[in-house]
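# Notes for the structure review
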Amino acid sequence: QVQLVESGGGSVQAGGSLRLSCAASGRTFSSLIMGWFRQAPGKEREFVAQITWSGDSTYYPDSVKGRFTISRDNAKNTVYLQMNSLAPEDTAIYYCAGRVTGLNKYAYWGQGTQVTVSA
């Protein structure tokens, strides 16, 4: 029974930065592996970042590696996505997601927040 709510989306110019937040309900947040995904119009959902429950390990695809940083604050039940050097191809709806450690499936999803990057 975990609910996730994203915030921080908006419109920025190419080369700019944006910080997304994801607030989780309940006291089970710290037990979840958290991730960020995005989906652009006409494209399939794309994995963006993942962080373990303790925050000791992160994972990124090549498309965002070096530009995006995922972090979490378990005391605040919040996960973040810092996005730097944004480009128009980063335009998408960004989703926060969580999964139970040991399961290879993200079972909890937020409603998404729109990120638009203009040239």
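Below, the structure is looked at part by part. (Residues numbered from 1 in each chain as written. Predicted model: local features only at pLDDT ≥ 70, side-chain atom pairs only at ≥ 80, totals over all residues. Heavy atoms only, no water.)

Across its full length, the protein carries zero helices and eleven strands. Secondary structure of the protein in N-to-C order comes out as β-β-β-β-β-β-β-β-β-β-β. Summarising its shape, the C-alpha atoms of the protein cover approximately 40 × 25 × 25 Å along the three principal directions. Excluding contacts between residues fewer than 6 apart, the proportion of contacts in the protein whose partners are at least 24 apart in sequence is 54%. Per element, the accessible surface of the protein, about 6400 Å² overall, is 49% carbon and sulfur. Positive and negative side-chain charges in the protein, numbering 11 and 8 respectively, have mean positions lying 6 Å apart. (Helix = DSSP H or I, 4+ residues; strand = E, 2+ residues; numbered from the N terminus. Contact = heavy atoms within 4.5 Å. Areas by Shrake-Rupley, 256 points an atom, 1.4 Å probe, with all protein chains shown as cover. Lys, Arg positive; Asp, Glu negative; His and termini not counted. Charge placed at Lys NZ, Arg CZ, Asp CG, Glu CD.)

Turning to the layout of surface pockets, a few remarks are in order. Here the largest pocket defines a volume of roughly 170 Å³. Around the largest pocket sit Arg38, Gln39, Ala40, Lys43, Glu44, Glu46, Pro88, Glu89, Thr91 and Ala92, which together line it. Along the lines of polarity and charge, the residues of the lining of the largest pocket split into three nonpolar, two polar and five charged. (1 Å grid on protein atoms, 1.4 Å probe; cavity = no way out; pocket = protein on both sides within 12 Å on 5 of 7 lines; lining within 4 Å. Points joined across faces, edges and corners; volume = space filled by probe spheres on them. Nonpolar A, V, L, I, M, F, W, Y, C, P; charged D, E, K, R; others polar.)

Counting buried positions along strand 8 (residues 78–83) yields five of six residues, so the element is predominantly enclosed. Bridge count for strand 3 (residues 18–24) against strand 8 is six bridges, and the pairing is antiparallel. Within strand 8, the position partnered with leucine 18 by the bridge is methionine 83. In terms of strand pairing, strand 7 (residues 68–73) meets strand 8 through six bridges, oriented antiparallel. Considered in strand 8, the bridge of threonine 69 is made with glutamine 82. (Buried < 20%, exposed > 50% of the residue type's maximum accessible area, 1.4 Å probe, protein only. Pairing = 2+ DSSP bridges.)

This next bit is on the packing of aromatic side chains. Overall, the coordinates contain five aromatic pairs when judged by the stated rule. Residues phenylalanine 37 and tryptophan 109 carry aromatic rings whose centres are separated by 4.9 Å and whose planes lie at 50° to one another, so their mutual orientation is tilted. Of this pair, phenylalanine 37 sits in strand 4 (residues 32–39) while tryptophan 109 sits in strand 10 (residues 108–109); the two residues are 72 residues apart in sequence, bridging distant segments of the chain. Residue tryptophan 109 is classed as partly exposed on the basis of its relative accessible area, which comes to 29%. (Phe/Tyr/Trp six-rings, centres within 6.5 Å; stacked < 30°, edge-to-face > 60°.)

Attention now goes to unusual backbone geometry. The phi dihedral of asparagine 77 is positive, around 55°, even though this residue is not glycine. Among the structural elements, asparagine 77 can be located in the loop between strand 7 and strand 8. Not every positive phi belongs to a glycine, and serine 85 is a case in point at roughly 50°.

In short, shape yes, function no, at least from these values alone.
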